[in-house]
Amino acid sequence: MGRLKLQSGIKSIEEEPEDCESTSSNKAALACMINSEVGAVLAVMRRNVRWGGRYMSGDDHLEHSLIQSLKALRKQIFSWQHQWHTINPAVYLQPFLDVIRSDETGAPITGVALSSVYKIVTLDVLCLNTVNVEDAMHLVVDAVTSCRFEVTDPASEELVLMKILQVLLACMKSKVSVMLSNQHVCTIVNTCYRIVHQAATKSELLQRIARHTMHELVRCIFSHLPDVGNTEHALVNRGSSVKLEGSGQDNEYNFGNKQLENGNGASEYDGQPSSVSFASNSSTGLVGSMLDENTVGAGNGKEATPYDLHLMTEPYGVPCMVEIFHFLCSLLNVVEHMGMGSRSNTMAFDEDLPLFALGLINSAIELGGLSIRRHPRLLSLIQDELFRNLMQFGLSTSPLILSMVCSIVLNLYQHLRTELKLQLEAFFSCVILRLAQSKYGASYQQQEVAMEALVDFCRQKTFMVEMYANLDCDITCSNVFEDLANLLSKSAFPVNCPLSAMHILALDGLIAVIQGMAERIGNGSLGSEQSPVNLEEYTPFWMVKCDNYSDPSVWVPFVCRRKYIKRRLMIGADHFNRDPKKGLEFLQVTHLLPDKLDPQSVACFFRYTAGLDKNLVGDFLGNHDEFCVQVLHEFAGTFDFQDMNLDTALRLFLETFRLPGESQKIQRVLEAFSERYYEQSPQILANKDAALLLSYSLIMLNTDQHNVQVKKKMTEEDFIRNNRHINGGNDLPRDFLSELYHSICKNEIRTTPEQGAGFPEMTPSRWIDLMHKSKKTAPFIVADSRAFLDHDMFAIMSGPTIAAISVVFDHAEHEEVYQTCIDGFLAVAKISACHHLEDVLDDLVVSLCKFTTLLNPSPGEESVQAFGDDTKARMATVTVFTIANRYGDYIRTGWRNILDCILRLHKLGLLPARVASDAADDSELSADPGQGKPITNSLSSAHMPSIGTPRRSSGLMGRFSQLLSLDTEEPRSQPTEQQLAAHQRTLQTIQKCHIDSIFTESKFLQSDSLLQLARALIWAAGRPQKGNSSPEDEDTAVFCLELLIAITLNNRDRIKLLWQGVYEHISNIVQSTVMPCALVEKAVFGLLRICQRLLPYKENLADELLRSLQLVLKLDAGC
């Protein structure tokens, strides 16, 4: 029945009877403790002359009943022979509770009695085995929530209020709290909230304690939700209601109406003691006493369905949690509906009250978590009332409130996203995407909080995948993933300004999304395996359904198909906006509309396609052509006006197109609307003509009230008079017409709706529509850690992402930001490679090569020095070569840029001297352990070449050997420590690059990539020129030729792939050179080596190889 099981979360006790006395060794100790509490209360009472002895006629000595009961308890307490759990707790609690209830006792006496009860509750005198423990707990709660006392000074009053909070919290935290009823738990929360409200006019300490206690109560209550069984049977019919006192939509913060009866202001403490009372004499205490005021039940206003009284008296469970949660939501309504009445408390007008309520709601959701899903009433409160308020407070100018709203939505996403699909879409579209862009007028603080929230969402591994699968791939939803990815990319761009915290924040979000994709790569099921979507015949796109939303083999092809349809519809919309006829023809060709147009398919195209020109849609729907009229009626039939007010329905209808200006077209449109509205929500309308006349009347009223040219506005009486006898000859109820009149006056019906997608504001009518749609929307797809849709998602965001990371990297000045960007680059490279997106990888390589500074023309020594001092350039260089080594299989045109960097390093003498020869001789040298590559970092930084020495040989050994020569013809200057350090950093960077691996490991490259690498080398070598060429050009050509021969020898198994290009290159060199030079020598010897190594293995190529040797015969004798 939705109550707590005794195995509660707070260490439920199932002990032997004697274990109940867990804090005392024996009965006597407990008796002494209670005796000392009696003594403490009596001692304080004796200090007040009122409680001294009273004498009447004769010698009879009469005492007050409160003192008598305390003394009677004292007499009995040591004479009890039984175990404590067999004694009715009411016997030793009642005297203290009487003192608490009495309005004759002063604050000091009440305070001591409360302390006594607190001690009894917290010292585990009561346990689940105690006789009548349930009644005892109810007595305690009733007494404490009905506490009365005389106030003599502010300090003593605050002390009593604090002790009341202390006792109530102790009752909820006690192990016997599971015996409390739903009603009593509500009463406890109610009392606590009253003190929170009162504390606003009292000391800061009481305010903080009261709020802390309220938080603890909510946490304590909702921590039990996972232990509660299913509550379907607990949903009972409406009966009398036990309600939490709060604020309905019409009251002005009602706690000001019946405050504790001590009045307000300083006059309260003018020497006259006044009385404080928490409740009337009603047996239900606070709850009963407040029923005559505006109160909040379990629902919201008129449609609320409270729990019946019988259920509220059972041990507490979901009923009280629903009441409390609704009460917390209603605190948000207070701010929304509050007027500036003189009695209103100032606390309600700043961010204090909503922040307090949102904090409590957040705690309840954190602790309730997934369990909320099992309880329909709690879930429906979150789906509708709570989320509606979150949407409103999300646009608050207070960053604190916005931050708390975002925290709640993140918690809801974690626990309940499957139940909140359209609510989440609305939150991102109408709150986050609006606030995070300055064009909507948000302050910088709002933008920052919204961006922080978005980044938090992006750090949830499956968030973006789920947004894409559920919203971007749904034709009726907006492209939230695409919009968020674009927002992050744009927000990371520093435009005409230095890099700010906001740019870094957006970058973090972007890289979190990319790294999430990179992490999913190892989990299989890459999206590239999906076959392309083709629509071969027409099927109604709005009717497409998925058979199984939990099986990826079913839903993945389904969402891919749906996304394809959505894209084609967007293209169709673009065609339609330019020429409606051609737009429809395009959709017919692409099989999104039937070859022979029918009204329903065109109506659904208008209804479900975003981006249509609403003027054109309005003109089409208002046209007198018979087909257009049929489309109009089908279009109206796509709306769900069930249980909707007429003005709300009309607003929703007219938001989807622009109402034409001609009266005949307006008539046709309103006729179709009225027919549909009457069909679904007849309510008090007699026929569809009544709906039509009233709709016309509303349009006229709307024009009258909101057109500036109309000077004399229609009054309410005018409107009611204009609509007499339209309901089948009878009048419509005055209240009904009055409500419509005020709704139109307050909120204009926009007959020229917003064009384009944009990020609209959430209006009440749109929210009602959203709640209707949420009942029919497709189930929420929960993504796992496999990369089903990452290929398509990455294709959408890769370009802007690389651009954004590059711009931030360019502007950044701190190494931490550099590293963040590098992580992003590597993640992009991994995804591009694994999803076979070669173009993206090439773009990335091109972008990164610019940051290496190696392509900048500058003198050699200066370049080396600058490179050593430039952390960004060194990091970019290592990243370029890391990508080349890891993901070389998928690099195509990017090899040219990588080779440009390698050639620059070669010209600067920074490459290991034998990169090319090692690459070629790798297989030969591997057998000889004595041979190996020089270890570049074994040379000390002290061996740096002197400044100004011309380079005579290349390679690291060449550079350092200059220092050892005895050539002292040129003046030398000793390098500074900074220069030495810069050179050392340069050498370490080059070593980390493992440039030689690109060529030695080329045998593992995929064929396409290998071919592109060979072509890049031929391209980098340049066309040999007849006549003189500079030594530098020749050096480059020789180096490229060595590398080309090296990869040819390393790939002898794939010689057919490379041979043609290599042979043509060598042929060009030999035939175009007239002077003897190193290049021709290298070319000839290279050719000979290729033939020597390959002839024994490649018989089928033997003829071609031997023919190639004829080139040698063409050499001039001088060569």
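Residues numbered from 1 in each chain as written. Predicted model: local features only at pLDDT ≥ 70, side-chain atom pairs only at ≥ 80, totals over all residues. Heavy atoms only, no water.

**Focus on the overall build of the chain**
Spelled out, the test is: Comment: elements are numbered from the N terminus, with helices defined as DSSP H or I runs of at least four residues and strands as E runs of at least two. Remark: exposure states derive from per-residue accessible area (1.4 Å probe, protein chains only) relative to the maximum for the residue type, with buried under 20%, exposed over 50%, and partly exposed in between. For this analysis, residues touch if any pair of their heavy atoms sits within 4.5 Å. The protein chains shown are the only cover counted for residues, whose accessible areas, like all others here, come from Shrake-Rupley with a 1.4 Å probe.
The helix and strand tally for the chain stands at 46 helices and four strands. Taken across its 1119 residues, the chain has 53% of its residues classed as buried. By sequence separation, contacts in the chain at least 24 residues apart represent 77% of the contacts at least 6 residues apart. Carbon and sulfur atoms form 50% of the exposed surface of the chain, whose accessible area is close to 48,500 Å².

**Quick notes on the pattern of salt bridges**
Quick reminder of the rule: By definition, a salt bridge exists where a carboxyl oxygen of Asp or Glu is found within 4 Å of a side-chain nitrogen of Lys or Arg.
Inspection of every chain in the model, using the stated rule, returns 29 salt bridges. The salt bridge involving arginine 417 is made with glutamate 466; its shortest N-O contact spans 2.7 Å. Of the two residues, arginine 417 is situated in the loop between α14 (399-416) and α15 (421-435) and glutamate 466 in helix α17 (residues 463-472); the sequence distance between them amounts to 49 residues. The class of arginine 417 is buried, set by a relative accessible area of 14%. Residue glutamate 655 is joined to arginine 766 by a salt bridge in which the shortest nitrogen-to-oxygen separation is 3.0 Å. Of this pair, glutamate 655 sits in helix α25 (residues 646-655) while arginine 766 sits in helix α30 (residues 764-774); the two residues are 111 residues apart in sequence, bridging distant segments of the chain. Assigned by exposure class, glutamate 655 and arginine 766 land together as buried. Among the charged side chains, a salt-bridge network with shared partners connects Glu838, Arg892 and Asp1008.

**Describing the environment of alanine 28**
Following the sequence through the fold, alanine 28 ends up in helix α1 (residues 27-46). Sequence-wise, alanine 28 and isoleucine 77 are 49 residues apart; in three dimensions their C-alpha atoms are separated by 9.1 Å.

**Remarks on a nonpolar patch on the surface**
Applicable threshold: Residues form patches when they are more than 30% accessible in relative terms and have no salt bridge. Like charges link within 9 Å. Nonpolar side chains (Val, Leu, Ile, Met, Phe, Trp, Tyr) link within 5 Å.
On the surface, Phe1085, Leu1088 and Val1112 cluster together into a nonpolar patch covering about 250 Å² of accessible area. Residue classification places leucine 1088 among the partly exposed residues on the basis of a relative accessible area of 37%.

**Digging into the environment of leucine 1010**
If you trace the backbone, leucine 1010 turns up in helix α41 (residues 1007-1021). The sequence separation of leucine 1010 and asparagine 1051 amounts to 41 residues, and the corresponding C-alpha distance is 9.2 Å. Those residues within four positions of leucine 1010 in sequence are excluded, and the remaining contacts are Ser1002, Leu1005, Ile1047, Asn1051, Arg1054, Leu1057 and Leu1058.

**Side note on helix α19 (residues 501-520)**
For an α-helix the count is 3.6 residues per turn, leaving residues at separations of three or four pointing the same way. Which entries qualify depends on this criterion: One less than the number of residues in a helix, times 1.5 Å, gives the span that helix is expected to have.
Over its 20 residues, α19 extends 29 Å from the first C-alpha to the last, a length consistent with the 28 Å expected when each residue adds 1.5 Å. Of all 20 residues in α19, 15 are buried; the element is thus mostly enclosed.

**Brief notes about the packing of aromatic side chains**
Heads up, the condition is: In this analysis, rings of Phe, Tyr and Trp, with Trp reduced to its six-membered ring, are considered paired at centre separations within 6.5 Å, and the interplanar angle assigns stacked below 30 degrees, edge-to-face beyond 60, and tilted for intermediate values.
Using the criterion set out here, one finds 31 aromatic pairs in the structure. Between phenylalanine 673 and tyrosine 677 the ring centres are 6.0 Å apart and the planes differ by 25°, which places this aromatic pair in the stacked class. With a gap of four residues between them, phenylalanine 673 and tyrosine 677 both fall in helix α26 (residues 663-680), about one helical turn apart. A relative accessible area of 1% places tyrosine 677 in the buried class. Where phenylalanine 809 meets tyrosine 818, the ring centres are 5.8 Å apart and the plane angle is 75°; that geometry is what we call edge-to-face. By relative accessible area, phenylalanine 809 is classed as buried at 0%. In this structure tyrosine 818 comes out as buried when scored by relative accessible area, which is 10%. A network of ring pairs unites the aromatic residues Phe635, Phe639, Phe641, Phe653, Phe657, Phe673 and Tyr677 as a single cluster.

**What to know about the nonpolar core**
Put simply, the test is: By nonpolar core we mean a set of buried residues, namely Ala, Val, Leu, Ile, Met, Phe, Trp, Tyr and Cys, connected to one another through side-chain atoms within 4.5 Å.
Ranked by internal contacts, the top residues of the largest apolar core, which has 277 residues, are Tyr92, Phe325 and Leu789. Contacts of leucine 789, omitting those with residues within four sequence positions, involve Val465, Tyr468, Ala469, Trp555, Val556, Val559 and Cys560. Ranked by size, the runner-up nonpolar core spans 62 residues in total, among them Ile475, Ala573, Phe586 and Ala691.

**Notes on the confidence of the model for the chain**
Our working rule: Scored from 0 to 100, pLDDT records how confident the predictor is in each individual residue.
With 78% of its residues at a pLDDT of at least 70, the chain reaches an overall mean of 79. Between the elements of the chain, mean pLDDT differs from a low of 32, seen in helix α9 (residues 285-289), to a high of 95, seen in α14. Segment residues 231-243 is flagged for pLDDT under 50; beyond a separation of four residues in sequence, or across chains, it makes 42 contacts in the model. For the stretch residues 245-276, pLDDT sits under 50, and the model shows 90 contacts to residues farther than four places along the chain or on other chains.

**Considerations on unusual backbone geometry**
Even without being a glycine, asparagine 132 presents a positive backbone phi close to 55°. Along the chain, the position of asparagine 132 falls in the loop between α4 (107-122) and α5 (133-145).

**Re the side chain of glutamine 705**
Definition in use: Under the rule applied, a polar contact is a pair of N or O atoms within 3.5 Å (in protein, one hydrogen donor and one hydrogen acceptor; residues adjacent in sequence only if both atoms are side-chain atoms).
Within the secondary structure, glutamine 705 sits in helix α27 (residues 688-706). Looking at glutamine 705, its side chain comes within polar contact range of the main-chain oxygen of methionine 714, at 2.9 Å. Setting aside its immediate chain neighbours within four residues, glutamine 705 contacts Lys713, Met714, Tyr741 and Cys745.

**Quick notes on the environment of glutamine 819**
Its place among the elements puts glutamine 819 in helix α32 (residues 815-834). Taking the C-alpha atoms as reference, glutamine 819 lies 8.2 Å from methionine 875; in sequence the two are 56 residues apart.

**So, the packing of helix α33 (residues 838-851) against helix α36 (residues 894-907)**
Where we set the bar: Only C-alpha atoms enter the line fits that serve as axes; for helices the fit covers just the stretch in contact. Angles between N-to-C directions range over 0 to 180 degrees. For this classification, under 35 degrees means roughly parallel, over 145 means roughly antiparallel, 65 to 115 means roughly perpendicular, and everything else is oblique. Left-handed describes a crossing whose near helix is turned anticlockwise from the far helix by less than a right angle; the clockwise case is right-handed. Only Asp, Glu, Lys and Arg are considered charged in this grouping, and only Ala, Val, Leu, Ile, Met, Phe, Trp, Tyr, Cys and Pro are considered nonpolar; every other residue, Gly among them, is considered polar.
Close contact between α33 and α36 brings their axes to 8 Å; oriented N to C, the two are set at 25°. Relative to α36, α33 is oriented roughly parallel. Remark: the crossing between α33 and α36 carries left-handed chirality. On the side of α33, the interface is formed by Asp842, Val845, Val846 and Cys849, while α36 contributes Gly894, Asn897, Ile898 and Cys901. Classifying every residue of the contact of α33 with α36 by side-chain character gives five nonpolar, two polar and one charged.

**With respect to the packing of α5 against helix α7 (residues 182-199)**
Running from N to C, α5 and α7 cross one another at 25°; their axes reach a closest spacing of 10 Å. Relative to α7, α5 is oriented roughly parallel. In this structure, α5 crosses over α7, and the sense of that crossing is left-handed. Contacts from His138, Val141, Asp142 and Thr145 of α5 reach α7 at His184, Thr187, Ile188 and Thr191. Grouping the constituent residues of the contact of α5 with α7 by class yields two nonpolar, five polar and one charged.

**Looking at the side chain of lysine 421**
Following the sequence through the fold, lysine 421 ends up in helix α15. Note on lysine 421: relative accessible area 4%, which makes it buried. Not counting residues up to four positions away in its chain, the partners in contact with lysine 421 are Asn470, Leu471, Asp474, Cys477, Thr777, Ala778, Pro779 and Phe780.

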